[in-house]
Amino acid sequence: MSIEELSVDPGLASPPRKSPLRKLAKDPQAIITSVLLLAIIILGLLTPLIAPHDPNEAQLNGINAAPGTPGYILGADQNGRDIASRLLHSIGTSLIAGLIGASVALTIGITFGLIGGYFGRKLRSATEWVFSLIMTFPGLLLLIVLMPVTKGDYRATMLIFGVLLSPGVYRIVRNLVLGVKNELYVDAARVSGLSNLRILGRHVLFAVRGPIIVATAFLIGSAISLQSGLAFLGVGSTLVPSFGAMIADGFTNLYVDPTQFIWPSVMLGTLTASLVLLGNSLRDAFEGVKLTPVKARAAQAGRTPAKDAVQGSTTDLLSVRDLGIAYPTPSGELREVVKGVELTLQAGETLGLVGESGSGKTQTAFAILGVLPPEAVVTHGWAQLAGRNLVGLSEREFRTLRGRDIAYIPQEPMSNLDPSYTVGAQLVEGIRASAQMTRRQAKATVMELLVRVGIEHPERTFDSYPHQISGGMAQRVLIAGAVASRPKLLIADEPTTALDVTVQAEILDLIRDLQAEMGMAVLLVTHNFGVVADICDRIAVMQDGRVVESGTALELFREPQHPYTQMLLGSILDEHTVRTDQPIPVSAAISGSN
Ligand SMILES: Nc1ncnc2c1ncn2[C@@H]1O[C@H](COP(=O)(O)OP(=O)(O)OP(=O)(O)O)[C@@H](O)[C@H]1O
């Protein structure tokens, strides 16, 4: 397989991705701002041909000439200089300032961003240090102080300003490169012997081009604004026509003729606003539109999908109906990852949600917990816990629900404990967040819970930091925290996957015992049929975002109906099956692999 083939992102294969240029061509904001900018640029380029006067040509008889005066279509300023000619020449000044500032910032920022992101930690620290130092310089002050060095030439000032803008570009590029440098296609390019320069230029730079194009529009806008600002303050050569200098002149003459102030302000405003708005359109085109989750959109419209939905059976503790969850793709379209899931769970029951990786088990559990990422969109359906709608709840409502009625045990116990705090401090904090009690009462409760979840030295564990305890103990600690409020529903997402095989059985036993003791329902997300067989009453099998089969554990193991369930069950290793094929001799295996 070639590197080009490897570099195709499978996530973008479906739906087909619209090119950013095609999206820009359909965006009215992009079209209007591009037309305005193009018109301004053309005017700037044609200035030597169409400007009736030299921008600094002062005529005594033209002082404060009114607009429409022959030879002064927009009037003249207090020095008798033609406003139309100065406006046209100011376009060139602004564009040159913008291009110099942005080019310097991009050249320095991209070069060192690529170096800092792609090569080792030492280069990253060194470049980070230098750019952090540059960021501490007081920009405007520095540019004014350096006027004797730049001799008032705005082009030299823009060179320095470009350096001051470069840390922003450096950070964008470095972070993007850090994100892509370990992608498989970059690894593949490395293994295939491409030089670092080639990889950086061809693969890494290409991958980060979108944000750089977006940043360019903002950089040009910043440089133009700064140049005008300095000219407004009277810093730099007074011979250079500039919007800033014209605004300052017009300001002093505001009561004589306001148009002297209005014209340059309108031109500068149009130029910078067009750049910023075009930058926004470019960002949407390259990075995809951020869609508002349905929850938020529905709330804006004064309703939620759940409120519109048919109510579920009140006897079910948990009821999920026709739940759909989607994510926006880079092209802005939605890709459904959960496609109409149906689940029910009774109080005290254990439901195993089984399926291959990526089938949507975790997304379903996250929707019930209210922890879907902000970009997720609940496209249809609803979920209820004890008759209460879950889809459409505010974060605040979910927080109270999560602390009391729903609890969660994660897959990676270690990464769910904060390494900076002791285990005890974290458990006490969690308990006090969901129940009114003093620190002393919370500590006593935590100690009881630690004993209950089978921790041998609760005092020692209470004072330990997460790195001082084993993975099995960490999972027990998290289980203790989860059941502290005696929740109605415990959601366990692959609770044993990250643990040692011997510890796995103990953790499952613990969940089963606690469930019986507290009468909780358990939703166990797993891809392991062994775990399901061990503790589940009922099973729902998920494939490609849908529940393809559900029933009691006994039914499913005895007579699986759906081919996918049969395939999953068939793939469980059976210790009674004896291999009938002959083992391959080692020498043959080695020569075969060559
Ligand atoms: N933030 C996200 N943005 C886009 N797609 C996402 C996001 N999170 C998850 N997905 C996609 O949703 C689909 C379902 O993911 P989910 O985590 O629910 O799978 P799963 O069945 O729990 O698998 P696993 O056992 O590997 O965790 C996957 O295709 C995944 O790529």
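Residues numbered from 1 in each chain as written. Predicted model: local features only at pLDDT ≥ 70, side-chain atom pairs only at ≥ 80, totals over all residues.

Turning to the overall build of the protein, a few remarks are in order. Looking only at helices and strands, the protein has 26 helices and 10 strands in total. The long-range share in the protein, meaning contacts at least 24 apart out of those at least 6 apart in sequence, stands at 71%. (Helix = DSSP H or I, 4+ residues; strand = E, 2+ residues; numbered from the N terminus. Contact = placed C-beta atoms within 7 Å.)

Averaged over all residues, the pLDDT of the protein equals 83, while 86% of them reach at least 70. For the protein, the element scoring lowest by mean pLDDT is helix H1 (residues 3–6), at 31; helix H3 (residues 28–50) scores highest, at 95. With pLDDT under 50 throughout, residues 1–17 is counted as low confidence; its partners more than four residues away or in other chains account for 19 contacts. Prediction confidence for the complex, expressed as pTM and ipTM, is 0.55 and 0.96 respectively. (pLDDT = per-residue confidence, 0-100.)

This paragraph deals with helix H22 (residues 501–518). Spanning 18 residues, H22 covers 26 Å between terminal C-alpha atoms, matching the ideal 26 Å at 1.5 Å per step. Of all the residues in H22, the buried ones are Gln504, Ile507, Ile511 and Leu514. End-on view of H22: buried residues confined to an arc of 100 degrees, all on one side of the axis. Opposite its buried face, H22 presents the exposed residues Thr502, Ala516 and Glu517, each directed more than 90 degrees away. Residues of H22 that are buried in the fold lie against helix H21 (471–483), strand S7 (489–493), strand S8 (521–526) and helix H23 (529–535). (Expected span 1.5 Å × (residues − 1). Buried ≥ 20, exposed ≤ 12 C-beta atoms within 10 Å, placed from the backbone. Arc of directions from axis to C-beta.)

To continue, consider the site of the ligand. Around the ligand lies a shell formed by Tyr327, Val337, Gly355, Ser357, Gly358, Ser359, Gly360, Lys361, Thr362, Gln363, Pro373 and His527. Of the residues assigned to the shell around the ligand, the class counts are three nonpolar, eight polar and one charged. (Near = placed C-beta within 6 Å. Nonpolar A, V, L, I, M, F, W, Y, C, P; charged D, E, K, R; others polar.)

Spatial ordering of the open sheet is given by S6-S7-S8-S3-S9-S10, a layout of six strands whose pairing is mixed. Either end of the sheet is taken by a strand with one partner, and the two such strands are strand S6 (406–409) and strand S10 (546–552). The mean inter-strand angle of the sheet, taken between neighbouring strand axes irrespective of direction, is 15 degrees. The sheet contact formed by S7 and S8 spans five bridges and is parallel. Its bridge partner being in S8, Asp493 is matched across the sheet by Val525. H21 rests against S6 and S7 of the sheet, and its axis sits at about 175 degrees to S6. (Pairing = 2+ DSSP bridges. Axes fitted to C-alpha atoms, helices over the stretch in contact; angles between N-to-C directions.)

Before going further, it helps to examine the nonpolar core. Grouped together as the largest cluster of nonpolar side chains are 78 residues, with contacts concentrated most on Leu318, Ile368, Ala480, Leu489, Leu490, Ile491 and Leu523. Those residues in contact with Leu523 that sit more than four places away from it in its chain are Leu345, Leu351, Leu353, Ala365, Leu489 and Ile491. Counting 61 residues, the second largest nonpolar core, distinct from the first, contains Ile83, Leu176, Ile247 and Leu278. (Core = buried A, V, L, I, M, F, W, Y, C linked by C-beta atoms within 7 Å.)

What follows concerns the packing of helix H4 (residues 83–118) against helix H8 (residues 154–180). In helix packing, the relevant descriptors are the interaxial angle and the interaxial distance, both defined with respect to the helix axes. Relative orientation of the contacting elements H4 and H8 amounts to 35 degrees, with a least axis distance of 5 Å. The chirality of how H4 crosses H8 is right-handed. In the contact of H4 with H8, the residues fall into 23 nonpolar, 10 polar and two charged. (Left-handed = near helix turned anticlockwise from the far one by under 90°.)

So, about the environment of Leu226. Considering the arrangement of structural elements, one finds Leu226 in helix H11 (residues 209–232). Judged by the 23 C-beta atoms lying within 10 Å of it, Leu226 falls in the buried class. Note: C-alpha distance between Leu226 and Phe161 (65 residues apart in sequence) is 8.6 Å.

With that settled, the discussion passes to the pairing of S7. The buried count for S7 comes to five of five residues, which makes it a mostly enclosed element. Because side chains alternate across S7, one face comprises the buried residues Leu489, Ile491 and Asp493, and the other comprises Leu490 and Ala492, equally buried. Summarising the sheet, S6 and S7 pair through four bridges and their orientation is parallel. Paired with Ile409 across the strands is Ala492, a residue of S7. Each parallel crossover has a hand, and the one from S7 via H22 to S8 is right-handed. (Right-handed = clockwise from strand over helix to strand, strands pointing away.)

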